[in-house]
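Here is how the chains run, residue by residue.
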Amino acid sequence: MKKPTHQLLVIFGASGDLTRRKLVPALFDLFLQNLLPAKFAVLGVSRTPFSDEQFRDSMKEFLPSNEAAANFLKFLHYQPLETSRNSDYPALKTRLSQIDNELGLGGNYIFYLSTPPSLYSIIPRYLSEAGLSRSETGFRRLIVEKPFGTDLETARRLNVELLNYFDEKQIYRIDHYLGKETVQNMLVTRFANGIFEPLWNHTFIRHVEVTSAESLGVEGRGGYYDHSGALRDMVQNHLLQLVGFVAMEPPAVMEADAIRNETLKVFQALRPIRENMVENYVIRGQYTASTIKGQPVPGYRQEEGVDRHSRTETFLAMKFFIDNWRWAGVPFYIRTGKKLPARVTEVVVNFKHVPHHLFSASPGYQPVSNQLVIRIQPDEGVLLKFGMKIPGAGFNIQTVNMNFHYSELTDLHLPSAYERLLLDCMQGDATLYARGDAVEEAWRFVQPILNAWGSNPEIPIYGYPAGSWGPHEAEKLITGDQWRYPCKNLTDDGLYCEL
Ligand code: BG6
């Protein structure tokens with residue numbers, strides 16, 4: 001692969017968790033694969049008064065202690081800065097010019113906002129006022145982390161604010177789900193194979209499920225999560241983006257806007273859930289105290305930073321439709337939650353049964369449910385379930401699996417989402433980044449749900465014991481069928497599995 005051109009990556013919020021845990025390790029992996037630009041520097045920016053050396057030291061524990069890591073650390077620089085103070089930005093500009101001139105980076109800068117969202121409108125403005133948002137010679141790009149607003153109104157406002165200082169083409173909104181290898185594989189599964197796409201429509205598909213289960217709880221993020229909840233934290237962004245890839249029309253070319261136009265069209269076709277129908281289409285839950293493997297586990301309301309009377313949802317299951325030619329009448333089901341029995345994300349395409357039941361006279365006959373399971377994580381892979389004759393007398397049928405696990409590709413490195421996304425931005429490829437109009441459209445779809453919950457406290461929030469598959473009411477959403485209950489291992493799909 002071609003290396004990106006020389007450039008400087010500026011990380012705002014450099015002393016934060018994301019930088020240590022995700023960004024720096026991802027850059028190190030790119031370094032190991034020789035994918036960083038030949039001339040490259042990272043400038044960490046935040047309030048903490050580090051020197052370059054101290055910043056490098058603070059990153060050491062997140063990297064292996066070997067020679068490669070020592071060489072990589074030389075790319076890192078640091079500039080203390082009060083990000084919310086305009087008068088600090090000339091010093092940043094001077095430092096950038098210094099590094100740029102020393103290394104010959106051609107004025108190519110990426111600004112990565114890994115800060116609290118309250119700074120998303122401030123930093124771009126001050127960068128612009130310092131003359132850093134545009135350049136005659138090099139490129140200027142801005143990476144923004146979620147949340148992109150907390151509802152439709154704030155999302156719109158954020159877009160307007162960002163566009164005051166940067167053009168849409170310069171803005172890269174990260175949704176780390178799009179960086180996952182297996183999410184991208186969805187495009188290949190659909191559009192590089194001749195066998196799936198002809199069946200990928202309302203004529204052959206009964207319904208589509210998307211499950212994103214987490215076994216962890218809020219893990220010290222109670223303060224943030226209690227103001228967010230599963231709808232804002234997982235559905236509005238990650239899961240709807242996934243639905244976008246499952247449901248989109250084939251783009252004409254593999255090019256950022258061609259693909260993003262198609263996901264936008266999917267979001268535009270989502271049938272609005274009217275506020276008075278929310279209760280019928282969206283089930284929300286919150287985990288309660290329980291015992292997992294003999295250990296007591298606190299309920300959500302006992303977590304640090306969470307209101308003792310909180311009505312924030314840690315689980316959500318919903319049903320919706322995409323009103324277009326391809327998907328007319330096909331229900332889509334989404335389910336996500338914390339403290340569920342396993343950490344699993346997958347898309348399950350459920351195909352229609354055969355039109356005529358030839359073997360229905362066989363004892364115990366059940367129509368075969370053909371399923372294509374696209375496993376996003378863990379045990380990444382693809383599984384196809386279909387019926388086979390049990391050898392011997394009669395025509396008894398058993399469902400069998402045909403499966404592929406990424407782990408079988410032993411010599412391949414499965415890049416982390418951040419690794420892929422950072423490299424793409426360095427190359428100027430926004431295909432796997434969310435575009436402003438699509439983000440707004442996804443908010444438009446979830447807004448009536450937020451409104452209904454806000455204005456009607458009668459809409460129940462069901463408790464579910466930590467370690468279970470969520471409230472029983474979620475079962476009833478799937479008409480005449482049941483959810484797939486996935487386990488860690490792609491091909492195990494009994495009703496129960498280990499945490
Ligand atoms: C984040 C959410 O965006 O995604 C977290 O804020 C969630 O609450 C996480 O745990 C899930 O990501 P992944 O990659 O672990 O599935």
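Preceding block: the structure.
The structure presented is a predicted model; accordingly, all values stated were derived computationally and were not measured. (Residues numbered from 1 in each chain as written. Predicted model: local features only at pLDDT ≥ 70, side-chain atom pairs only at ≥ 80, totals over all residues. Heavy atoms only, no water.)

(A) Expanded view of the overall build of the protein chain. On a plain count of helices and strands, the protein chain comes out with 13 helices and 17 strands. Whereas a compact globule of 499 residues would reach a radius of gyration of roughly 23 Å, the protein chain reaches 24 Å, a difference of no more than 12%. Across its three principal axes, the protein chain shows a C-alpha extent of roughly 80 × 50 × 50 Å. Taking all 499 residues of the protein chain together, 54% fall into the buried category. Of the contacts formed within the protein chain by residues at least 6 apart in sequence, a portion of 77% connects residues at least 24 apart. Looking at the protein chain as shown, the accessible area adds up to about 21900 Å², and 53% of this sits on carbon and sulfur atoms. Of the side-chain charges in the protein chain, 52 are positive and 56 negative, and the distance between the mean point of each set is 1 Å. (Helix = DSSP H or I, 4+ residues; strand = E, 2+ residues; numbered from the N terminus. Rg over C-alpha atoms; globule rule 2.2 N^0.38 Å. Buried < 20%, exposed > 50% of the residue type's maximum accessible area, 1.4 Å probe, protein only. Contact = heavy atoms within 4.5 Å. Areas by Shrake-Rupley, 256 points an atom, 1.4 Å probe, with all protein chains shown as cover. Lys, Arg positive; Asp, Glu negative; His and termini not counted. Charge placed at Lys NZ, Arg CZ, Asp CG, Glu CD.)

(B) Representation of the side chain of His77 in the model. By secondary structure assignment, the location of His77 is in strand 3 (residues 76-80). Within the local environment of His77, its side chain forms a polar contact with the backbone oxygen of Phe75, the two atoms lying 2.9 Å apart. Setting aside chain neighbours within four positions, we find His77 in contact with Ala41, Val42, Leu43, Gly44, Asp52, Phe55, Arg56, Arg95 and Ile99. (Polar contact = N/O pair within 3.5 Å; in protein donor to acceptor, adjacent residues only side chain to side chain.)

(C) Layout of the sheet that holds strand 6 (residues 171-173). Strand order in this open sheet of 6 strands is 3-2-1-4-5-6, and the pairing throughout is parallel. Sheet topology places strand 3 and strand 6 at the edges, where each strand pairs with a single neighbour. Direction aside, the axes of adjacent strands within the sheet are offset by 20 degrees on average. Each of strand 1 (7-12), strand 4 (109-113) and strand 5 (140-144) is contacted by helix 5 (residues 122-129), which is oriented at about 155 degrees to strand 4, the strand it contacts most. (Pairing = 2+ DSSP bridges. Axes fitted to C-alpha atoms, helices over the stretch in contact; angles between N-to-C directions.)

(D) Fine view of the sheet that holds strand 7 (residues 205-213). Here we have 9 strands laid out as an open sheet, ordered 16-15-14-13-7-12-11-8-17, and mixed in their pairing. Edge strands, defined here as strands with exactly one partner in the open sheet, are strand 16 (397-405) and strand 17 (461-465). On average, each strand axis in the sheet is inclined to that of its neighbour by 20 degrees, with strand direction left out of account. Bridge count between strand 7 and strand 13 (residues 344-351): 8 bridges; the pairing is antiparallel. Residue pairing across strands places Ile205 opposite Phe351, the latter belonging to strand 13. The strands touched by helix 7 (residues 181-191) are strand 13, strand 14 (371-377) and strand 15 (381-389); relative to strand 14, the strand with the most contacts, the crossing angle is about 145 degrees. Strands in contact with helix 13 (residues 436-455) are strand 8 (282-288) and strand 11 (315-320); relative to strand 11, the strand with the most contacts, it is inclined by about 125 degrees.

(E) Here's a closer look at helix 10 (residues 256-269). Helix length check: helix 10 (14 residues) gives 20 Å between terminal C-alpha atoms against 20 Å at 1.5 Å per residue, within 8%. Within helix 10, 11 of the 14 residues are buried, which leaves it mostly tucked inside the rest of the structure. Residues Ala256, Asp257, Ala258, Ile259, Arg260, Glu262, Thr263, Leu264, Val266, Phe267 and Ala269 constitute the buried set of helix 10. Buried residues along helix 10 sit in contact with helix 7, helix 9 (230-247) and helix 13. (Expected span 1.5 Å × (residues − 1).)

(F) Quick peek at helix 13. End to end, helix 13 covers 28 Å across 20 residues, agreeing with the expected 28 Å (1.5 Å per residue, within 8%). Most pronounced at Val446, the bend in helix 13 amounts to some 40 degrees, and the proline Pro448 follows within four residues. Of all 20 residues in helix 13, 15 are buried; the element is thus mostly enclosed. (Bend = angle between axes of the 7 residues up to and from the residue.)

(G) Just the site of the ligand, in detail. Taken together, Lys146, His176, Tyr177, Lys180, Glu214, Arg221, Asp233, Met234, His238, Lys338, Arg343 and Gln377 form the complete shell of residues around the ligand. The separation between an oxygen atom of the ligand and a polar side-chain atom of Glu214 is 2.5 Å. For the ligand, an oxygen atom lies 2.7 Å from a polar atom in the side chain of His238. Burial of the ligand by the protein chains amounts to 81% of its free accessible area of 400 Å². Per-element tally for the shell around the ligand: the top contributor is helix 9, with 3 residues. Residue composition of the shell around the ligand, grouped by class: 2 nonpolar, 3 polar and 7 charged. (Near = heavy atom within 4 Å. Nonpolar A, V, L, I, M, F, W, Y, C, P; charged D, E, K, R; others polar.)

(H) Fine view of the pairing of strand 1. In terms of residue burial, strand 1 counts as a mostly covered element, since 6 of its 6 residues are buried. Both strand 1 and strand 2 (residues 40-46) contribute to a ladder of 6 bridges, which runs parallel. Bridge assignment links Leu8 to a residue of strand 2, and that residue is Ala41. Regarding the hand of the β-α-β motif, the stretch spanning strand 1, helix 1 (residues 17-32) and strand 2 is right-handed. Pairing analysis gives 5 bridges linking strand 1 to strand 4, with the strands arranged parallel. (Right-handed = clockwise from strand over helix to strand, strands pointing away.)

(I) The packing of aromatic side chains, seen in detail. Per the stated rule, a full pass over the model turns up 25 aromatic pairs. Plain terms: the ring middles of Phe28 and Phe31 are 6.3 Å apart, the flat faces sit at 25 degrees to each other, and that makes the pair stacked. With Phe28 and Phe31 both in helix 1 and 3 residues apart, the pair spans about one turn of that helix. Between the aromatic rings of Phe320 and Phe332, the centroid separation amounts to 5.8 Å while the plane-to-plane angle is 20 degrees, which identifies the pairing as stacked. With Phe320 in strand 11 and Phe332 in strand 12 (residues 332-337), this residue pair connects regions lying 12 residues apart in the sequence. For Phe320, a relative accessible area of 1% gives the class buried. When its relative accessible area of 1% is taken as the criterion, Phe332 is described as buried. The rings of Tyr224, Tyr225, Tyr287, Tyr300, Phe315 and Tyr464 are connected pair by pair, giving a single aromatic cluster. Across from the ring centre of Tyr177, 4.6 Å away, lies the NZ or CZ of Lys180, which sits over that ring. Arg335 extends its terminal NZ or CZ atom over the ring of Tyr485, reaching a point 5.3 Å from the ring centre. (Phe/Tyr/Trp six-rings, centres within 6.5 Å; stacked < 30°, edge-to-face > 60°. Lys NZ or Arg CZ within 6 Å of the ring centre and 35° of its normal.)

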